[in-house]
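So you can see what is in the structure, the chains are spelled out below.
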Amino acid sequence: MTAVPTIQGLENPPIGRREVLDWVAEVADLTTPDRVVWCDGSQEEWDRLTKELVDAGTFVQLDPDKKPNSFYAASDPDDVARVEERTYICSVDPADAGVTNNWMDPAEMKATMTELYRGCMRGRTLYVIPFCMGPTSAERPMLGVELSDSAYVVVSMHIMTRMGAEVQRLLDGDTDWVPALHSLGAPLEPGQEDVRWPCNQTKYITHFPEERMIWSYGSGYGGNALLGKKCYSLRIASAMARDEGWLAEHMLILKLISPEEKVYYVAAAFPSACGKTNLAMLEPTIPGWKVETLGDDIAWMHFGADGRLYAVNPEAGFFGVAPGTNWKTNPNAMRTIERGNSLFTNVALTDDKDIWWEGMEGEPEHVLSWKGQDWSPANGEAGQPAAHPNSRYCTPMSQCPILAPEWDDPNGVPISAILFGGRRKTTIPLVNESFDWQHGTFMGATLSSEKTAAAAGAVGQVRRDPMAMIPFIGYNVGDYFQHWIDVGKGADADKLPRIFYVNWFRRGDDGRFLWPGFGENGRVLKWIIQRLEGKAAATETAIGHVPTADQIDLDGVSEPLEDIEASLKVDIEEWRAEIPLIEEWFDSIGEKLPTSMRDELEALKQRLGVS
Ligand code: SAT
Ligand code: MN
């Protein structure tokens, strides 16, 4: 395809790579933007685009004395979360998408979306955003180019990914790169006034795993639009990882330093909005233990030359759930955002140009709600929250006061323990260690959680969320389980991370939380580390190795001992009731469910005395 000469900015690209240039020209030809802007990740670009966004009414600049260089945005009320029912894996063979994904034939999807894309950037700017997921100094830098007509996406990508001269230099080499096309689907006719948050009622978040390509249309929000995040780093990367023998997982990465200054790295998978960020930035309440952060959402894990599993966080920022974040639940997140250079979406705007959300200290007398309405504690109680439950802060990792210095190490960090966790009122004990890797894979495969606000749909309902990856596995979930088992089989068992299942959210009969959570979760981490060191005892139960209350350091815990004991209880009746749910889940996967997962289920049934 030849470039369309009428589109301003298409000439003199700062990139030399032919395939990139051809693709940009082709997309420009299809989407017909007014101009093309080549993004470089610079401060000048940030300043220019944030000013444009302020002028357009999309951004409100916050008081620089409170939040320097930071901005507030409120989205369209129908564009507030990932849209799983509009998310597709367009593999050639439908069997390669499996039950956890929507599937459409790639050619058919391309035909449909091409018609949507035709002229969709009219009156807008096409931004070319070269980015890298993970350190640019990696042996194999993981490059991508997002084409988007949203300046909000550009500035968010500044925070969430590596951008800049080094990425452009790498892109001009011969490293593979992932094309990621994004449009708001909101063309502007001449003279038509723009809205604050352009988007389209019709949305498609589409992945072509064989081609390692992403097409997104209609949404400007988070995981639908920042295509380096869930689309690339989980859905596309999981397909790469399957083919290449590594793991792309929905996991935080934290570093734990014991009182003896011994260092351990832990990766943990929880569904969206279940406290990954809080755990990643934990301030342990027990003396002598310290946590440092390496990531709060995604881990890419490869085997190192020493046979251990090493994790890298592909992201450069935190895109955290705002409500509930405060000086008690996550002081380090509060310190990170206080340093500024951050974006806040769908939180509440205070009268003195700061931000607020439910759960934050210092409830103001009056704010503008995320819907732009007057809100005060009195009228708020009657109805709507001031901040949307899935409102987010987007902030650079480099500002986190407890960032581990090795966060940018291209080799990653060796993982000693993997945690799976969900949000369950019943059944799942506070902590449970698997018998071995295969049993740990079974724990992950049967992970369940009550649905949160991070995705559209009914909140509270229990669903299976294997490895907290149900919306993010870029291929058949049965093959994904098999891949986990194969990863374990190919490794030296002694060097594999040990696998644990945790649940901070178990409740008593009256609905109270049995375990205090937050900083107190450091006690559970301590027990886990002491298990690795062979120092802590546990009871062998039907579901795994579970500690009794006296095996956990409870010094200074104010909750009654009965509650802690109840949080650790393996209730055989509750577990028997869980079996049909697991069976139903496994049956739904069909023939690709590995026999070893059936074997694990049978063994569990036997241990529970279920026939
Ligand atoms: O919207 S995102 O997918 O980026 C956030 C999340 O759901 O974890
Ligand atoms: Mn997430």
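The residue numbers shown here count from 1 along each chain, following its written sequence. Chains carry letters and ligands carry numbers; both start at the beginning, A for chains and 1 for ligands, and go up in the order they are written. Confidence filtering applies because this is a predicted model: local features only for residues at pLDDT of at least 70, side-chain atom pairs given and counted only at 80 or more, and all residues used for totals across whole chains, interfaces and linings. The basis for every side-chain value is the complete set of heavy atoms in the structure, and neither hydrogens nor water enter the calculation.

*Asks:* Even after reading the chapter, I still don't get the UniProt feature "binding site: substrate" (unreviewed entry) in the protein chain, so can you show me in this structure?
*Replies:* UniProt positions are given in the numbering used here, feature names are shortened, and annotations may be inferred rather than shown by experiment. Summarizing the sequence annotation, UniProt attributes the feature "binding site: substrate" (unreviewed entry) to Arg82, Tyr221, Gly222, Gly223, Ser272, Asn390, Ser391 and Arg392 in the numbering used throughout. Positionally, serine 272 belongs in the loop between β12 (263-269) and α8 (276-280). Any pair of nitrogen or oxygen atoms within 3.5 Å is treated as a polar contact; in protein, a donor-acceptor pairing is required on top of that, and neighbouring residues in sequence qualify only through side-chain atoms on both sides. In this structure the side chain of serine 272 is engaged in a polar contact, spanning 3.2 Å, whose partner is the side chain of arginine 82. By secondary structure assignment, the location of serine 391 is in the loop between α10 (377-382) and β22 (392-396). Starting at the N terminus, helices and strands are each numbered in turn, a helix being any DSSP run of H or I of at least four residues and a strand any DSSP run of E of at least two.

*Asks:* Would you explain the site of ligand 1 in this entry?
*Replies:* Close to ligand 1 lie 9 residues, the nearest being Arg82, Gly223, Lys229, Lys230 and Ser272. In the environment of ligand 1, an oxygen atom lies 2.8 Å from a nitrogen or oxygen atom belonging to the side chain of arginine 82. The protein chains hide 98% of the 250 Å² of surface that ligand 1 would expose on its own. Of all the secondary structure elements, the ones that give two or more residues to the shell around ligand 1 are α6 (222-225) and α7 (228-244). When its residues are assigned to classes, the shell around ligand 1 shows 2 nonpolar, 3 polar and 4 charged. Residues are labelled near a given molecule or strand when at least one of their non-hydrogen atoms is within 4 Å of it. To be clear on the numbers: accessible area is Shrake-Rupley with a 1.4 Å probe, and residue cover counts the displayed protein chains and nothing else. Any residue outside Ala, Val, Leu, Ile, Met, Phe, Trp, Tyr, Cys, Pro, Asp, Glu, Lys and Arg is labelled polar, Gly included; the first ten of those are nonpolar and the last four are charged.

*Asks:* Can you walk me through the sheet that holds strand β5 (residues 125-133) in this structure?
*Replies:* Remark on secondary structure: sheet strands pair via backbone hydrogen bonds, oriented parallel or antiparallel. Strand pairing is assigned whenever DSSP identifies at least 2 bridges connecting the two strands. Pairing is mixed across the open sheet formed by 7 strands, whose spatial order is β1-β5-β6-β7-β9-β8-β4. The open sheet has two free edges, formed respectively by β1 (35-38) and β4 (87-89), since each of these has just one partner strand. Between one strand axis and the next, the sheet turns by 15° as a mean value, whatever way the strands run. As paired strands, strand β7 (residues 177-183) and strand β9 (residues 213-217) are joined by 4 bridges and run parallel to one another. Opposite alanine 180, over in β9, you have isoleucine 214 as the bridge partner. Contact criterion: two residues are considered in contact whenever any of their non-hydrogen atoms come within 4.5 Å of each other. To define axes, lines are fitted to C-alpha atoms, for helices over the stretch in contact only, and angles between the resulting N-to-C directions are given on a 0 to 180 degree scale. Relative to β7, helix α1 (residues 18-31) is tilted by about 15°, and along the sheet it contacts β1, β5, β6 (142-148) and β7. Helix-sheet contacts for α7 involve β4, β5, β6, β7, β8 (204-208) and β9, and the interaxial angle to β8 is about 30°.

*Asks:* Would you explain the pairing of strand β11 (residues 251-257) in this entry?
*Replies:* The classification of residues rests on relative accessible area computed with a 1.4 Å probe and restricted to protein chains. Under 20% of the type maximum is buried, over 50% is exposed, and intermediate values are partly exposed. Extensive coverage of β11 is indicated by the burial of 7 of its 7 residues. Here β11 runs beside β12; their pairing, made up of 7 bridges, is antiparallel. Looking across to β12, one finds that leucine 252 is bridged to alanine 268. A loop of 5 residues connects β11 with β12, the two strands running antiparallel in sequence, and glutamate 261 in this loop sits at a positive phi of about 65°. Both β11 and strand β13 (residues 290-295) contribute to a ladder of 5 bridges, which runs antiparallel. Paired with leucine 254 across the bridge in β13 is threonine 293.

*Asks:* Even after reading the chapter, I still don't get the packing of aromatic side chains, so can you show me in this structure?
*Replies:* Two aromatic rings are characterised by how far apart their centres lie and by the angle between their planes. Two rings from Phe, Tyr or Trp (for Trp, the six-membered ring) form a pair when their centres sit within 6.5 Å of each other. Planes less than 30 degrees apart are called stacked, planes more than 60 degrees apart edge-to-face, and all others tilted. Scanning the entire structure with this criterion turns up 24 aromatic pairs. Ring centres of phenylalanine 59 and tyrosine 152 lie 6.2 Å apart, and the angle between their planes is 70°; this geometry places the pair in the edge-to-face category. Of this pair, phenylalanine 59 sits in strand β2 (residues 59-61) while tyrosine 152 sits in helix α4 (residues 151-160), placing them 93 residues apart in sequence. Judged by centre distance (5.5 Å) and plane angle (75°), the rings of phenylalanine 208 and tryptophan 215 are edge-to-face. With respect to burial, phenylalanine 208 and tryptophan 215 carry one shared label: buried. Through a chain of ring-to-ring contacts, the aromatic side chains of Trp46, Phe59, Phe71, Tyr152 and Trp197 assemble into a single cluster. Against the face of tyrosine 204 rests arginine 86, its NZ or CZ located 4.5 Å from the ring centre. Taking the ring centre of phenylalanine 505 as reference, the NZ or CZ of arginine 423 above it sits at 4.2 Å. Only when the NZ of Lys or the CZ of Arg is both within 6 Å of the ring centre and within 35 degrees of the ring normal is a charge said to sit over the ring.

*Asks:* Is there a simple way to explain the pairing of strand β16 (residues 317-321) in this structure?
*Replies:* With 5 of 5 residues buried, β16 lies mostly within the body of the structure. Along β16, one buried face is formed by Gly317, Phe319 and Val321 and the opposite face, lined by Phe318 and Gly320, is buried too. Direction of pairing for β16 relative to β22: antiparallel, over a ladder of 5 bridges. Paired with valine 321 across the two strands is arginine 392, which belongs to β22.

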